[in-house]
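In case you want the letters, here they are:
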Amino acid sequence: MPGAFVSTDRIRSLFTEAMSQMYRTEVPQYGTLIELVGEVNAEVLARDQELSERLRRAGELERIDVERHGAIRLGTAEELFTIRRLFAVMGMQSVGYYDLSVAGVPVHSTCFRPVDEAALNINPFRVFTSLLRLELIEDEELRAEAAAILAKRQIYTPRAITLIEQHEKAGGLTEAEAMEFVAEALETFRWHGEATVSAETYKRLHDAHRLIADVVSFKGPHINHLTPRTLDIDEVQRRMPERGITPKAVIEGPPRRNCDILLRQTSFKALEEPIAFTGAAGTTSGTHTARFGEIEQRGVALTAKGRALYDRLLATVRSEVQVGASGAKAGDYDTELTERFKALPDSWDELRREGLAFFHYSASPEGIAARGKLPSDPEILIAKGYLRFDPIIYEDFLPVSAAGIFQSNLGTDQQQNYAMRSNRAAFEEALGADVQDELALYAERQTASLDMAMEKLGLSGLKLKTVA
Ligand code: OOG
Ligand code: NI
């Protein structure tokens, strides 16, 4: 009886809450960061009426407090295949393919997240999910050893697997099953202070790449950060030291602007945590760094045209100013970034008219009242306030930023260039599905909103030049 099933949105919300609780006890600085972000967000909403009104119209106001993204790194194709099925229970699908090997990190990744607007507004929980590319390890013996270690582990509890199968078979889970599923699924993301390998094996894996040691040496893919969304990242970054947290030198992504675009992120360094390694003569103790803290600020999703401009501008800044591991030249970088990005229009209307960003269209109450007497030129409808447009928030990640986050936590010196490049086909084969195209998803939402708005205005079928 389908009526007895709980929604995937509810399961996702329960899971996010459980994950947040777990991470708060595991990493105390996470709790501090959540408090700081909550404080700054409340101040921003109190002082910026326009922003709070816009968020309210977009249905985003309620989600801000629960909005989080996490990240995990998986070791095998089977693990990725099953994580897709696990996330499906919570209404999350694979969107986007990110090749991090170009940045010297031997993984490729996707984002699991909800895709429709209603689900996003209830809880947009996302997980940046990476798959280790063992084929990028040069040393054949070490590669075989790592594969053998990974083949022995089972990162899902038997009960979690049974409940995933139950969801697939029956088409949903009951409330009791959902509660159980959340507790069982959480086990996969838990931190383990005991390694599955000896200190000596860990060291060899670590010497090949720190990330390889992180993925291969443990029982499961511990969640390595859980990021809240802030409405003013510069302010949170400024206040972090007051709470005893040291952020990385520069904020990744675009500069501060009037109209936020894409995603800005900053993180604090990974913790050095005690680890017990296995060994013939009992356990030996050592340390491992994996878990860190991060915050982010989200802005409008860019179209292919807008994104190409963003990528080009960012690339020029990065080639001109290289920020050192210790943060040298961070000031120059910020100045250059602000300067260069003047080439990207900073008003919602210009971004819209030039087809650089995606917007959600709606009929205003005045427009609906004037139905039947409205002009049929969409630009006039907009100018007169009959047709409204609000930014569609970017729900995904940025590979250059992600590489910066990975590197700041791996120690910035570890830059390797891998000869073998992008392999989306192999990723999708392991996943057991195609990754969805994020641009197509934003475009669909934009078109659907415009169609609906025009229908409400009694102008069905009327198009805008910049909306396909
Ligand atoms: C993932 C890093 C990427 C982001 O926000 O871009 C990421 C990882 O370190 O596993 O989370
Ligand atoms: Ni992140």
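Up top you'll find the structure we're talking about.
What counts and how
Residues numbered from 1 in each chain as written. Chains lettered and ligands numbered in written order. Predicted model: local features only at pLDDT ≥ 70, side-chain atom pairs only at ≥ 80, totals over all residues. Heavy atoms only, no water. Pairing = 2+ DSSP bridges. Helix = DSSP H or I, 4+ residues; strand = E, 2+ residues; numbered from the N terminus. Axes fitted to C-alpha atoms, helices over the stretch in contact; angles between N-to-C directions. Contact = heavy atoms within 4.5 Å. Buried < 20%, exposed > 50% of the residue type's maximum accessible area, 1.4 Å probe, protein only. Arc of directions from axis to C-beta. Phe/Tyr/Trp six-rings, centres within 6.5 Å; stacked < 30°, edge-to-face > 60°. Lys NZ or Arg CZ within 6 Å of the ring centre and 35° of its normal. Polar contact = N/O pair within 3.5 Å; in protein donor to acceptor, adjacent residues only side chain to side chain.

> Before we move on, could you go through the sheet that holds strand β11 (residues 284-289) and cite the residues and values that matter?
Within the open sheet, the three strands sit side by side as β7-β10-β11. Their pairing is mixed. Where the open sheet ends on each side, the last strands, each with one partner, are β7 (194-198) and β11. Taking each pair of neighbouring strands and ignoring which way they run, the sheet shows an average axis angle of 45°. In terms of strand pairing, strand β10 (residues 272-278) meets β11 through six bridges, oriented antiparallel. Bridging from a neighbouring strand, Glu273 pairs with His288 of β11. Against the sheet, helix α9 (residues 199-208) engages β7, β10 and β11, with an angle of about 85° to β7.

> Explain α9 to me, using residue names and the numbers behind them.
Listed in full, the buried residues belonging to α9 are Thr201, Tyr202 and Leu205. Down the axis, α9 shows its buried residues gathered within 100° of arc, on one side only. If you follow the buried residues of α9, they end up packed against α6 (140-152), β7, α10 (210-216), β10 and β11.

> I'd love a proper account of the packing of aromatic side chains, names of residues and values included.
For the structure shown, the criterion picks out 16 aromatic pairs. Arranged with centres 5.3 Å apart and planes meeting at 85°, the rings of Phe359 and Phe389 form a pair that is edge-to-face. Pair noted here: Phe359 is in strand β13 (residues 359-363) and Phe389 is in strand β14 (residues 387-391), with a separation of 30 residues, a long-range link. On the basis of relative accessibility, which here comes to 0%, the residue Phe359 falls in the buried class. Connected via pairs of aromatic rings, a cluster forms that spans Phe15, Phe87, Phe112, Phe125 and Phe189. Stacked on the ring of Phe81, the Lys or Arg Arg84 has its end atom at 4.9 Å from the ring centre. If you follow Arg298 out to its NZ or CZ, it ends over the ring of Phe397, 5.7 Å from the centre.

> Summarise the side chain of Asp99; cite the residues concerned and give the values.
Residue position: Asp99 is located in strand β3 (residues 93-99). Among the residues examined, Asp99 registers a relative accessible area of 13% and is labelled buried. Looking at Asp99, its side chain comes within polar contact range of the side chain of Ser101, at 2.8 Å. For Asp99, the residues in contact, after removing those within four places along its chain, are Val107, His108, Arg133, Arg421 and Ser422.

> Give me the lowdown on the sheet that holds β3, citing residues and values where you can.
Ordered in space as β3-β4-β5-β2-β8, the five strands form an open sheet in which the pairing is mixed. For this open sheet the edge positions go to β3 and β8 (226-228), each flanked by a neighbour on one side alone. Between one strand axis and the next, the sheet turns through 20° on average, direction left out of account. Direction of pairing for strand β2 (residues 68-74) relative to β8: antiparallel, over a ladder of three bridges. Bridging across to β8, His69 finds its partner in Thr227.

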